[in-house]
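Results of the structural survey
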Amino acid sequence: MSDLYPLVLTSPKGLETLLLEEATDLGLLEGRSQVAAVQGQGSMETAYRLCLWSRLANRVLLVLGRFPVDNAEALYEAVRSVDWSEHMLATGSLAVEFSGRGAGIDNTHFGALKVKDAIVDSLRTAAGERPSVDKYEPDLRIHARLERGELVLSLDLSGFSLHQRGYRLQQGAAPLKENLAAAILIRAGWPRIAAEGGALSDPMCGVGTFLVEAGMMAADIAPNLKREKWGFSNWLGHVPALWSKLHGEAEARAAAGLARPPLWIRGYEADPRLIQPGRNNIERAGLSEWIRIYQGELATFEPRPDQNQTGLVVCNPPYGERLGDEASLLYLYQNLGERLRQACLNWEAAIFTGAPELGKRMGIRSHKQYAFWNGALPCKLLLFKVLPEQFVTGRNESAAQPAPSQARMIGGQLVERPPAVRSEPARLSEGGQMFANRLQKNLKTLGKWARREGVECYRLYDADMPEYALAVDLYRDWVHVQEYAPPRSIDPDKAQARLLDALAAIPQALDMDPARVVIKRRERQAGKKQYERQGQQGRFMEVSEGGVKLLVNLTDYLDTGLFLDHRPLRLRIQREAAGKRFLNLYCYTATATVHAAKGGARTTTSVDLSKTYLDWARRNLALNGFSDKHKLEQGDVMEWLEADRGEYELIFIDPPTFSNSKRMEGVFDIQRDHVRLLDLAMARLARGGVLYFSNNFRKFQLDPSLEERYAVEEISAQTLDPDFVRNPKIHRAWRMTAR
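Looking now at helix H8 (residues 240-259). Between its first and last C-alpha, H8 extends 28 Å over 20 residues, near the 28 Å set by a 1.5 Å rise per residue. Burial in H8 covers these residues: Leu242, Trp243, Leu246, His247, Ala250, Ala254 and Gly257. Summarising the axial view, the buried residues of H8 lie within an arc of 125°, below the 170-degree limit, and thus occupy one face. Facing away from the buried side of H8 by over 90 degrees, the exposed positions are Pro240, Ala241 and Ala259.

Dropping the structure here:
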């Protein structure tokens, strides 16, 4: 072999340019980048140096050869042509990683098998000795890549991926790989800032990956200094003396770096469960004297080591995958921007996010953006200079007005803190301001009505402006927002931008704490999906309506437990229930039943298929002091009606539009099945009794045959309060009696 070897360094997608710069600095010659890799050549010393010092590579591959291949047999012969006795013993072990396809090789398993067979056959001895396969800790790991008829055969010098530094044995739910974190820090200018003695802080540090990578850079610690097992450890071409020399030099550099006065590197994490794992990771990295992690919410984040210190704020906020994350994430980013403007004047900031549109809501202009990939997810790194001229706030002149100087305790001493900038809310877009104006107009009108009538929960806005297709409901001092899924003809990016405009406007327009805004997306739900649990917060809130107390849950289900549009019908039932036997079919959380009981119903019976909602109904009844004489029945309503022989003077039916629950036979469709449903219910109606029937299927048509058998009166208009008169199609309702 010659003194220079062909080398390939693999990396996460998006790191190629940085990796080429790093590898060149470490001695790689004639380097060139390709997708997720860098190629070049270098000496064995360069190869070792890349293994030890590369902060960005996944693997360092030494190329054994490139071979034209047009079928599986040619692949086998190409691999066997290599003199494998120069690389491993016949008694050794190997693992093969194969990628690509073509030349009659249809899957990677078959390709790897052909490569393995060729190596084993090449080394098989007359005595029958042959290499074994060890997928986890082989003596030699072989990489074979087949692309466009060419086989590239390589030795993996690194062993397991270089991003696994060894310090992070404990991690959070969505950790960044160490080499991606290092790339973010490099792009953010941390090596420059560290060389100038700057500080670093991560307000959402998780288990401290950014902190440790930053500390190793600042202290000149080779990222893989503590790795004991390498891909070249049992390679016959390994030069132990050369490796020992390079490793010793790295140890000396680390010792000198750690002997310097440590930089100020601090992390803050709201989740107490991650604090100790983060501290353990820092200790394993040998950086306990350099890095501290504290428990703290973003709202209290204030990285001020001393009055003149500046540096870099870096963080990887959550991207959002759950129902309702849009609102919480928007306000998280807004709060992050506010904390930067208030507490980090003259610092630099780097925000790595899979939701870059949220970065625009921080109230600071980003001066640079870089594209990265976090696994398969496209992401952006947003870079900021936290300077007043970069602020985008409610009043242009406000950013330049400092607050009075303050003092606080640091390390047991009272330290004067430089004045922070008074932070105005981020400026609303033109559309967001229009939306805010509409909310305030509605609040002025409906607020007077609600106060006069003693209504605590009501709809404030219901897609009044078509481009902002939301329903905004007030539940005392909480806001519940439902986003109607936009039509497919609407550009998803525009729809998302409008949603974020609206969410930014809501707290400002209503003078509401953003933490009290909950958002959900409403789409056509199949079967029982709308009744399935969407979250696990378990946060129930007590509200009052017409003299009764009801429990609502704004976070865990698509619906809240209280259909606001049925308020007038519930109050009507309360007025008419005295002395009557009341039947509530598809009772949901039995709010109408509670009203009937409050109105003096002799008995109530409530039927629903869902145990979850019957448990909720039981809590609603108990909350108002009602006893077990109010029956709760679990079952399919149709089957229950066919079996029941009771009589009721007052019946309320509010069925779903569609249901295919596993607990019921067949499928319920309100349009198809309402005649049978109403006939069964009317058979249970006592002489002189009244049945109220309602549903929210917008295309619903009541079957004319029902009016031939019963006295039917549509009362839809009478069942709409002022908060729903703008949307008369919210439901339709009928009063039915026997002829």
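There's plenty left to go through after this.
Right, let's talk about the nonpolar core for a bit. Core analysis: the largest hydrophobic core is formed by 102 residues, its most contacted members being Trp84, Trp190 and Leu287. Excluding its chain neighbours within four sequence positions, the residues that come into contact with Leu287 are Val212, Gly215, Met216, Ala219, Ile221, Leu258 and Ile282. One finds Met204, Leu330, Tyr468 and Met512 within the second-largest nonpolar core, a separate group that totals 60 residues.

Moving on: the sheet that holds strand S24 (residues 581-585). In spatial order, the strands read S26-S25-S24-S27-S30-S32-S31; together these 7 strands make up an open sheet with mixed pairing. The two strands at the open ends of the sheet, each matched to only one other strand, are strand S26 (630-634) and strand S31 (710-714). Taking each pair of neighbouring strands and ignoring which way they run, the sheet shows an average axis angle of 15°. Bridge count for S24 against strand S27 (residues 648-653) is 4 bridges, and the pairing is parallel. Note that in S27 the partner of Leu585 across the bridge is Ile653. Along the sheet, helix H14 (residues 567-576) contacts S24, S27, strand S30 (685-695) and strand S32 (732-738); its crossing angle with S30, the most-contacted strand, is approximately 170°. Relative to S26, helix H16 (residues 611-623) is tilted by about 170°, and along the sheet it contacts strand S25 (603-608) and S26.

Right, let's get into helix H13 (residues 492-510). In this model H13 runs 27 Å from its N-terminal to its C-terminal C-alpha over 19 residues, within 8% of the 27 Å that 1.5 Å per residue would give. By the burial criterion, the buried members of H13 are Ala495, Leu499, Leu500, Asp501, Ala502, Leu503, Ala504, Ala505, Ile506, Pro507, Ala509 and Leu510. The N-capping residue of H13, defined by a side-chain oxygen 2.9 Å from the backbone nitrogen of Asp493, is Asp491. Where H13 ends, the next residue or the one after it, Asp511, has phi of about 50°, a positive value.

The subject of this paragraph is unusual backbone geometry. Despite not being glycine, Ala36 has its phi angle at roughly 60°, a positive value. Considering the arrangement of structural elements, one finds Ala36 in the loop between strand S2 (29-34) and strand S3 (37-42). Phi is positive for Tyr588, close to 60°, though the residue is something other than glycine.

Before going further, it helps to examine the sheet that holds strand S1 (residues 5-10). Read across the sheet, 8 strands follow the order S2-S3-S1-S4-S8-S7-S5-S6 without closing on themselves; strand pairing throughout is mixed. This sheet does not close on itself; its edge strands, each paired only once, are S2 and strand S6 (132-133). Direction of pairing for S1 relative to S3: antiparallel, over a ladder of 6 bridges. Residue Pro6 lies in a different strand from S3, and its bridge partner there is Gln41. Along the sheet, helix H1 (residues 16-25) makes contact with S1, S2 and S3, crossing S2 at roughly 170°.

Another aspect to go through is the packing of helix H5 (residues 178-187) against helix H7 (residues 209-218). Relative orientation of the contacting elements H5 and H7 amounts to 65°, with a least axis distance of 9 Å. Every pair of crossing elements has a handedness; the one defined by H5 and H7 is right-handed. Across the interface between the two elements, Glu178, Ala181, Ala182, Ile184, Leu185 and Ile186 from H5 touch Thr209, Phe210, Glu213, Ala214 and Met217 from H7.

With that out of the way, let us pick up the pattern of salt bridges. Summed over the entire model, instances satisfying the criterion amount to 31 salt bridges. Across the pair Arg726 and Asp464 runs a salt bridge, and its minimum N-O distance is 3.3 Å. One end of the pair, Arg726, is in the loop between S31 and S32; the other, Asp464, is in the loop between strand S18 (457-462) and strand S19 (470-475), and 262 residues separate them in sequence. Relative accessible area serves as the criterion here: at 37%, Arg726 is assigned to the partly exposed category. The shortest N-O distance in the salt bridge between Glu545 and Arg570 comes to 2.8 Å. Separated by 25 residues along the polypeptide, Glu545 in strand S22 (residues 540-545) and Arg570 in helix H14 bring together distant segments of the chain.

Time to look at the side chain of Asp565. Relative to the helices and strands, Asp565 resides in the loop between strand S23 (548-553) and H14. Polar side-chain contacts of Asp565 include one of 2.7 Å to the side chain of His731. Beyond its immediate sequence surroundings of up to four residues, Asp565 is in contact with Thr719, Phe724, Ile730 and His731.

Rules behind the numbers
- Residues numbered from 1 in each chain as written.
- Predicted model: local features only at pLDDT ≥ 70, side-chain atom pairs only at ≥ 80, totals over all residues.
- Heavy atoms only, no water.
- Helix = DSSP H or I, 4+ residues; strand = E, 2+ residues; numbered from the N terminus.
- Expected span 1.5 Å × (residues − 1).
- Buried < 20%, exposed > 50% of the residue type's maximum accessible area, 1.4 Å probe, protein only.
- Arc of directions from axis to C-beta.
- Core = buried A, V, L, I, M, F, W, Y, C linked by side-chain atoms within 4.5 Å.
- Contact = heavy atoms within 4.5 Å.
- Pairing = 2+ DSSP bridges.
- Axes fitted to C-alpha atoms, helices over the stretch in contact; angles between N-to-C directions.
- Polar contact = N/O pair within 3.5 Å; in protein donor to acceptor, adjacent residues only side chain to side chain.
- Left-handed = near helix turned anticlockwise from the far one by under 90°.
- Salt bridge = Lys/Arg side-chain N within 4 Å of Asp/Glu carboxyl O.

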